[in-house]
Amino acid sequence: MRNMEKEEEATKAGYNSLQNWSSANKKKGGFKAASFVFVFVLFENMAFVANMVSLVLYFYLEMHFDIPGSANTLTNLMGSTFLLSIIGAFVSDTFLSRYTTALIFGVLEVLSLVLMTIQAHDHNLQPRPCNKSSCVKGGIAVMLYTSLCLLALGTGGVKGALPALGADQFDQKVPKEAKALASYFNFLLFSTNVGAAVGVTVVVWVSANKGWWWGFLICTVVTGIGYAALAVGRPFYRIQAPGESPVVRIAQVIVVSFKNRRMNLPESLDELYEIKEKESISQEQKLSHTKQFRCLDKAAILGENVKPTSWTVCTVTQVEEVKVLTRMVPIIASTIILNTCMAQLQTFSVQQGNRMDRSLGSFEVPASSIPIIPLLFIAILLPIYEFIFVPFARKITHHPSGITQLQRVGVGLVLSVVSMVIAALVEVKRRDWSIKSPLKPISLFWLSFQYAIFGVADMFTLVGSLEFFYREAPAGMKSLSTSFTYVSISLGYFLSGVLVDIINSVTQRIGPGRNGWLFGHDLDQNQLDLFYWFLAVLSSLNFLNYLYWASWYKYKTDEPKIEPSRNRALVLGQQK
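Here the structure is a predicted model, which is why all the values come from computation and not from measurement. (Residues numbered from 1 in each chain as written. Predicted model: local features only at pLDDT ≥ 70, side-chain atom pairs only at ≥ 80, totals over all residues. Heavy atoms only, no water.)

1. Focus on the nonpolar core
Step number 1: Leu55, Phe59, Tyr184, Leu230 and Met328 are the most contacted members of the largest nonpolar core, which totals 129 residues.
Step number 2: Taken domain by domain, this core gets at least three of its residues from each of domain 1 (27–243) and domain 3 (323–555).
Step number 3: Beyond its immediate stretch of four places on either side in the chain, Met328 contacts Phe468, Phe469, Glu472, Ala473, Ser481, Phe484 and Tyr553.
Step number 4: The next biggest cluster of nonpolar side chains, apart from the first, holds 11 residues, and it includes Val256, Ala299, Val316 and Val322. (Core = buried A, V, L, I, M, F, W, Y, C linked by side-chain atoms within 4.5 Å. Buried < 20%, exposed > 50% of the residue type's maximum accessible area, 1.4 Å probe, protein only. Domains from an automatic or database assignment. Contact = heavy atoms within 4.5 Å.)

See below:
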């Protein structure tokens, strides 16, 4: 077991290497380096989103799953993909650089797409109809599920490392780059939506009209192009070396604080254990003591006649790292309901669109292309937000991002409530009109209202949460922290399925005719509008819960503010 003296010697060596790293990387990074990340995100999401909106039809039409089986397979795939982002985040924080992690998991993603292309092209690798819930078995099942597992692991691993890789190109200690960091996350979302827009239109149309294997082949090629662009940018990146395992550091605080649970906290904070400032790796990594979760402070008490080791005492900074992650938990939980609402726009709203008039002049919009509506709104509104709203808000709030990250998430949560209310009203109109005139359904573009509002909600919440988790994360946990956004998305998808089952189970018992709100195959006989109202009420309660935790949250560091009397100078605001 290493003792603290050896750790401090290693820390000094780390400080010298950090100084050399900083000097060598001054000319690297910035938007020149981040532009390669933007290009990658554009091409990779062109394939990822196209598959996410069309695979349910592939499972149903080609793999011969039944309707519930197709939907559940896709939901489980999406949930697993986002959940596995935590694996890529852990690897990039602990063992490999974020750049290397992204490329390694990228190989798995491309390989999965190659397998899917081969299976879609060769009819001998596809099951025959069998009038069962699933016709996939034997070697066909092995190939299908192998490709899906590789897709989830590869795509999820990349998502766990990539946002932090791009954010590493901006030094938060440099005022100009600290302000650019907020813009980076906006441009990251913009690139994502441009690629997704092409995917849900061009790639989906090719899959539906030219053959599934053509669609998968295009996905394979564009994903490969994306990784090539990411690799080419290597000379321009600021590559952060991995550090000590965040899991081990967290475990040490929990174990030591439990061991010291009977000890009394010292009256003076100076008596808590901390490595001297001159022996610390960097000023940014040292965290100030906070009064929340005082029980964890006992991990920083060095008992009498106790030899200081990693498992007998922790530094104040290490304790504060665990406090930061603990404070993040209710923030993460407060965004799960929003992602549950988002799942409805990719499932029930698509089914609504399939029962509506999808003609656009002489062209019929494919059902899987309906998500183009929110993507277009985000692509239009995001530049307006970045170049008009943020500069205007800065003049009022003197905050480099215009509004704080938690405020941005809060706006998104409010808009998600509005979206669900509109969805309920539109569904009533659609169902009543469909029953009255089944041969003349209302236009698909009635759905644009709920999609547009939720698109804006997602713009605020997704970017706000990514930036929040990155800024607030301890230095050695940046990837792990940003992956919390994707974990929330994953839990939102899984919760969606749970809520649907619970709602059906309850309403079948108490509803008229013993039919649930979402029972059967005929959407006109369901009560989808009531389910949307349920989500609107649930989202409203969730927002009130979020307000409490957002006001309770204590920031890890001071939020930089723009001093109005100095030209673009940044000063530190008061500690929250």
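2. Brief notes about unusual backbone geometry
Step number 1: Notably, Phe293 is not glycine yet its phi reads approximately 55 degrees, a positive angle.
Step number 2: Looking at the secondary structure, you find Phe293 in the loop between helix H9 (246–259) and helix H10 (316–334). (Helix = DSSP H or I, 4+ residues; strand = E, 2+ residues; numbered from the N terminus.)

3. Remarks on the state of the cysteines
Step number 1: Under the definition given, this model contains one disulfide.
Step number 2: Here Cys130 is linked by a disulfide to Cys135, with a sulfur-sulfur distance of 2.0 Å. When the S-S torsion is -100 degrees, as for the bridge of Cys130 with Cys135, the disulfide is left-handed.
Step number 3: Note on Cys130: relative accessible area 29%, which makes it partly exposed. (Disulfide = S-S within 2.5 Å.)

4. Re the confidence of the model for the protein
Step number 1: Across the protein, pLDDT averages 81, with 88% of residues at or above 70.
Step number 2: Taken together, the stretch residues 278–284 has pLDDT below 50 and engages in 14 contacts with residues farther than four places along the chain or on a different chain. (pLDDT = per-residue confidence, 0-100.)

5. Topic: the pattern of salt bridges
Step number 1: For the coordinates displayed, the defined rule picks out nine salt bridges.
Step number 2: For Asp93, the salt bridge identified is with Arg98, shortest N-O distance 3.2 Å.
Step number 3: By relative accessible area, Asp93 is classed as buried at 2%.
Step number 4: A single salt-bridge network, built from bridges that share partners, covers Arg294, Asp297, Glu320 and Lys323. (Salt bridge = Lys/Arg side-chain N within 4 Å of Asp/Glu carboxyl O.)

6. A few points about the packing of aromatic side chains
Step number 1: Taken as a whole and judged by the stated rule, the model has 31 aromatic pairs.
Step number 2: For the pair Trp446 and Phe449, a centre-to-centre distance of 6.0 Å together with 55 degrees between the ring planes defines the contact as tilted.
Step number 3: Judged by its relative accessible area of 34%, Trp446 falls in the partly exposed class.
Step number 4: Between Phe468 and Tyr553, the ring centres sit 5.2 Å apart and the planes meet at 65 degrees, which makes this aromatic pair edge-to-face. Placement of the pair is Phe468 in helix H15 (residues 448–472) and Tyr553 in the loop between helix H17 (528–552) and strand S3 (560–562), with a sequence separation of 85 residues.
Step number 5: Judged by relative accessible area, Tyr553 falls into the buried class, the value being 3%.
Step number 6: Ring pairs connect the aromatic residues Phe31, Phe38, Phe170, Tyr184, Phe185, Phe187, Phe387 and Tyr470, which therefore count as one cluster.
Step number 7: Seen from the ring of Tyr553, Arg327 lies directly overhead, with NZ or CZ sitting 5.7 Å from the centre.
Step number 8: Positioned over the ring face of Tyr470 is Lys478, at 4.7 Å from the centre of the ring. (Phe/Tyr/Trp six-rings, centres within 6.5 Å; stacked < 30°, edge-to-face > 60°. Lys NZ or Arg CZ within 6 Å of the ring centre and 35° of its normal.)

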